Amino acid sequence: MLQEAWRTGGAVIVRGPAGVGKSRLVRELVVRAEDRAAKVLVGRCTAGARAMPLRAIQEALLGAARRGLGPGPELDPYRPTLAALVPDWREGNSPPPDWTALLGEAVVRLLGQLGDTSTAVLVVEDLQWADPETCTLVEYLADNLTGTSSLMLITVRDGAGGPASELAAEMVRRRTAAEVIVGPLDRAGVLAMADAVLGGGGLPAEVVDVLVGRSEGVPLLVEELLAAAAASGWEAIAAAVPGSVLASVEPRLAELSEDGRRLLVVAALLGRYFDWRLAAAAADVSEERAVELLDRAVRTNLLDADGAGFRFHHALTCDAVRTATPPAELGLLAHRCLEVVDDGSDDVERCLLGVELATRAGRATRAAELLLRATRRSMAAGALASAATFAVQVRALTDDENGAAADELLLEISVRRGDAATAVSLGEQLLAREDDAPRLVNLHLLLGEAKLAAGRHDGAARHAEEAAVLGVDDTQRARAAALAAQAAMGEEDHDRASRRATEALHLAEVVGDAAVQCEALEVLGRISRGRDLEAAERAFQRA
């Protein structure tokens, strides 16, 4: 079925339990596709708090850029949109404000261009962990790749639950995606795999039934149990816990030196695909020693070499290393990792990794601060659904100053999403309990914008005046004047709208606030349109 899909395009979901071989099956198709000159882009979603907005798609596009692929001249209208995720494709233009809305079509067109002479393949691994923006994009691609020369391959883990898994099931129901179900191996399959792993060395008859039963037909567990046997003898297969990688990982961990085991635990805290240099720094191991230790872990089948780096053999292997570590030691090492990882940047993925580490280290305040940083960065990138998720997580962590900041961001997100009812309700609650002057001003401005969107111009005007009175700097006063001008326009009071827009324009020019200048010029242009078309045109052109 996958080979047929490669010829016909569209979307295919490969579904099955953890460790059953979904990724391996997809990789086999990818190798065959590349042998036939297909262009293949690969990205993966990540688990837990590290569900960075559009991570899988960005990884896939960055991989294409590293290979010298990119949008041709025919995609110039979509280049700024794609450049929002791939700086290499930027040509001096900032991404348009609605770039997230255009991204789905931009990726469809890019895949079409890359597959001009052969099929283009986009692989999205572990969709069950996808963020809301990635889900939206994947759904758009599935709806629009049918009948094209492009193929999207998606892997989904059984039993994961959540919106992304529900989306996968819905795409199959709507027939916008085909489905391949990968199930456990039968007895003959387990024995054939064991023979391949052992290089035809033969499996003792007395452990055949044990291997078949305890592996439950999951290829990963077949590999892990055989690796445990290679390290500790055939009896290790019988001693392993059914359905778990833990028992096969523990003996190999125990065989490592103290610094080797510490390095591997630190690597597991950083995730399956980890930066080995970060791991070495956090584990207080030199890079030369780290390479030596990680190479040993590769030989015991705990890690795989991954280009110039390393990765855990499977996500379950990574989980097992963490599980096998005493909680107190895990917390201490998480603290060390956090000090290395948190470099003060606003990179969302790095912030979310820091959140995981801070949580494991029992540092809730630090986790909240990092989540706030990720929230603001996601908002700046237009990933409002993910930003809202992060802000809600902050509120679950704390009700201190960080919690108040999260509430304010949730209000701003509601305003930007056009959810006026939620914004007004939340804004009124926050206003009633706030006494910090700068924050009060911002709440009045946001609440005024929400009421303006709801058509409540008199309420918006009141909040604008309150903000103007309380404003502590020209930036806040400029925003207040612009809001007052828009409220006056809604009430058709053009004289007041003109005065306040002129005031807003002047203040915004002083502080360099381009957004407020545009708002003010739009109001002035609309006022002039009925009486002086040239003045209106000048205002609109300037905006």
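Our structure is the block above this text.
K.L.:
Whenever I open this one, the overall build of the protein confuses me. Can you help?
P.N.:
Helix and strand counts for the protein come out as 28 helices and seven strands. Oriented by its inertia axes, the alpha-carbon framework of the protein measures out at about 95 × 55 × 40 Å. In the protein, which comprises 543 residues, the share counted as buried stands at 52%. Here the protein contributes 58 positively and 81 negatively charged side chains, and the mean placements of these two sets differ by 2 Å.

K.L.:
What should I look at first to understand the pairing of strand β7 (residues 309-312) in this one?
P.N.:
Side-chain positions along a regular strand alternate between the two faces of the sheet. Neither face of β7 is open: one carries G309 and R311, the other F310 and F312, and all of them are buried. Looking at chain direction, strand β6 (residues 303-306) and β7 are connected through four bridges and run antiparallel. When the sheet's bridge partners are listed, L303 is paired in β7 with F312. From the end of β6 to the start of β7, which pair antiparallel, there are two residues, and G307 there has a positive phi angle of about 65°.

K.L.:
Looking at this model, I keep getting lost on the state of the cysteines. Mind explaining?
P.N.:
Here is the idea: a disulfide is a covalent bond, and it sits between the sulfur atoms of two cysteines. For the coordinates displayed, the defined rule picks out zero disulfides. Cysteine C318 is unpaired, with the sulfur of C337 as its nearest cysteine sulfur at 11 Å. Given a relative accessible area of 2%, C318 falls into the buried group. We classify C337 as buried; its relative accessible area is 1%.

K.L.:
Teacher, can you tell me more about the side chain of R252 here?
P.N.:
With respect to the secondary-structure elements, R252 resides in helix α12 (residues 246-254). A relative accessible area of 1% places R252 in the buried class. Side-chain polar atoms of R252 contact the side chain of E224, separated by 2.4 Å. What R252 contacts, discounting residues up to four positions off in sequence, is E224, A227, A228, A231, T300, N301 and L302.

K.L.:
What should I look at first to understand the environment of T176 in this one?
P.N.:
Tracing the sequence through the fold places T176 in the loop between α7 (163-173) and β5 (178-181). Judged by relative accessible area, which is 14%, T176 ranks as buried. C-alpha separation for the pair T176 and T146, spaced 30 residues apart in sequence, amounts to 7.4 Å. When residues no more than four places from it in sequence are discounted, the contact partners of T176 are A11, A142, D143, T146 and M171.

K.L.:
Help me understand the sheet that holds strand β1 (residues 10-16), please; the structure alone is not making it clear to me.
P.N.:
Strand pairing in a sheet relies on backbone hydrogen bonds. The paired strands run either parallel or antiparallel. With respect to topology, five strands assemble into an open sheet ordered β2-β3-β4-β1-β5, the strand pairing being parallel. This sheet does not close on itself; its edge strands, each paired only once, are β2 (39-44) and β5. Put simply, the sheet's adjacent strands are angled 20° from each other on average, direction ignored. Across five bridges, the pairing between strand β3 (residues 120-125) and strand β4 (residues 150-157) is parallel. Bridged to V124 within β4 is I154.

K.L.:
Would you explain the pairing of β4 in this entry?
P.N.:
In terms of burial, β4 is largely enclosed, as eight of its eight residues are buried. Neither face of β4 is open: one carries S150, M152, I154 and V156, the other L151, L153, T155 and R157, and all of them are buried. When β1 meets β4, the two strands line up parallel, connected through seven bridges. Along β4, the bridge assignment pairs A11 with M152.

K.L.:
Even after reading the chapter, I still don't get helix α10 (residues 219-232), so can you show me in this structure?
P.N.:
Working note: α-helix, 3.6 residues per turn, so residues spaced by three or four point in the same direction. Compared with the 20 Å implied by 1.5 Å per residue over 14 residues, the 20 Å span of α10 between its first and last C-alpha is a close match. Of all 14 residues in α10, eleven are buried, a share of seventy percent or more. Within α10, burial applies to P219, L220, L221, V222, E223, E224, L225, L226, A227, A228 and A229. Residues of α10 that are buried make contact with α2 (22-35), α8 (187-197), α9 (205-215), α11 (235-239), α12 and α16 (315-323). Phi turns positive one or two residues past the end of α10, at G233, with a value near 105°.

K.L.:
Is there a simple way to explain the environment of I57 in this structure?
P.N.:
Note on placement: I57 falls in helix α3 (residues 55-66). Between the alpha carbons of I57 and V42 there is a distance of 8.1 Å; along the sequence they are 15 residues apart. What I57 contacts, discounting residues up to four positions off in sequence, is L85, V107, L122, V124, T134 and L137.

K.L.:
In this structure, what is going on with the nonpolar core? I would like to understand it.
P.N.:
For soluble globular proteins, nonpolar side chains are generally found buried alongside one another. By size, the foremost hydrophobic cluster in this structure holds 74 residues, and its most contacted members are L264, L270, F274, F312 and L357. A total of eight residues in this core trace back to one element, the largest contributor, which is helix α13 (residues 258-270). When sequence neighbours within four positions are dropped, the list of residues in contact with F312 reads L264, A267, A268, G271, R272, F274, L302, L303, D304, T317, C318 and V321. Counting 47 residues, the second largest nonpolar core, distinct from the first, contains A56, Y78, A84 and L141.

K.L.:
Can you help me understand α3 in this one?
P.N.:
Taking 1.5 Å of rise per residue, twelve residues should cover 16 Å, and α3 covers 16 Å from first to last C-alpha, within 8% of that figure. Counting buried positions along α3 yields nine of twelve residues, so the element is predominantly enclosed. Listed as buried for α3 are R55, A56, I57, Q58, A60, L61, G63, A64 and A65. Those residues of α3 hidden inside the fold are in contact with β2, α4 (79-83), α5 (99-114), β3, α6 (132-144) and α18 (348-360). G68 occupies a position one or two residues after α3 and carries a positive phi of about 85°.

Rules used in this analysis
The residue count restarts for each chain, going from 1 along the sequence in the order it is written. Thresholds applied to this predicted model are a pLDDT of at least 70 for local features of residues and 80 or more for the giving and counting of side-chain atom pairs; totals over whole chains, interfaces and linings are not thresholded and use all residues. The side-chain quantities take in all heavy atoms of the structure and omit both hydrogens and water. To qualify as a helix, a DSSP run of H or I must reach at least 4 residues; to qualify as a strand, a run of E must reach at least 2; elements of each kind are numbered from the N terminus. Throughout, exposure labels follow a simple rule: accessible area from a 1.4 Å probe, protein chains only, divided by the maximum for the residue type, with under 20% read as buried, over 50% as exposed, and the rest as partly exposed. Counted as positive: Lys and Arg. Counted as negative: Asp and Glu, with His and the chain ends omitted from the count. By convention, the charge on Lys lies at NZ, on Arg at CZ, on Asp at CG and on Glu at CD. If DSSP finds at least two bridges between two strands, the strands pair. Disulfides are defined as cysteine sulfur pairs within 2.5 Å. Here a polar contact is recorded for every N or O atom pair within 3.5 Å, except that within protein the pair must consist of a potential hydrogen donor and a potential acceptor, and residues adjacent in sequence are included only if both atoms are side-chain atoms. What makes two residues a contact is simply this: any of their non-hydrogen atoms within 4.5 Å. Whenever a helix is involved, its axis is fitted only over the stretch in contact; in every case the axis is a line through C-alpha atoms, and angles between N-to-C directions fall within 0 to 180 degrees. Expected helix span is computed as 1.5 Å times (number of residues minus one). Here, nonpolar core refers to any group of buried Ala, Val, Leu, Ile, Met, Phe, Trp, Tyr and Cys residues whose side-chain atoms link them within 4.5 Å.

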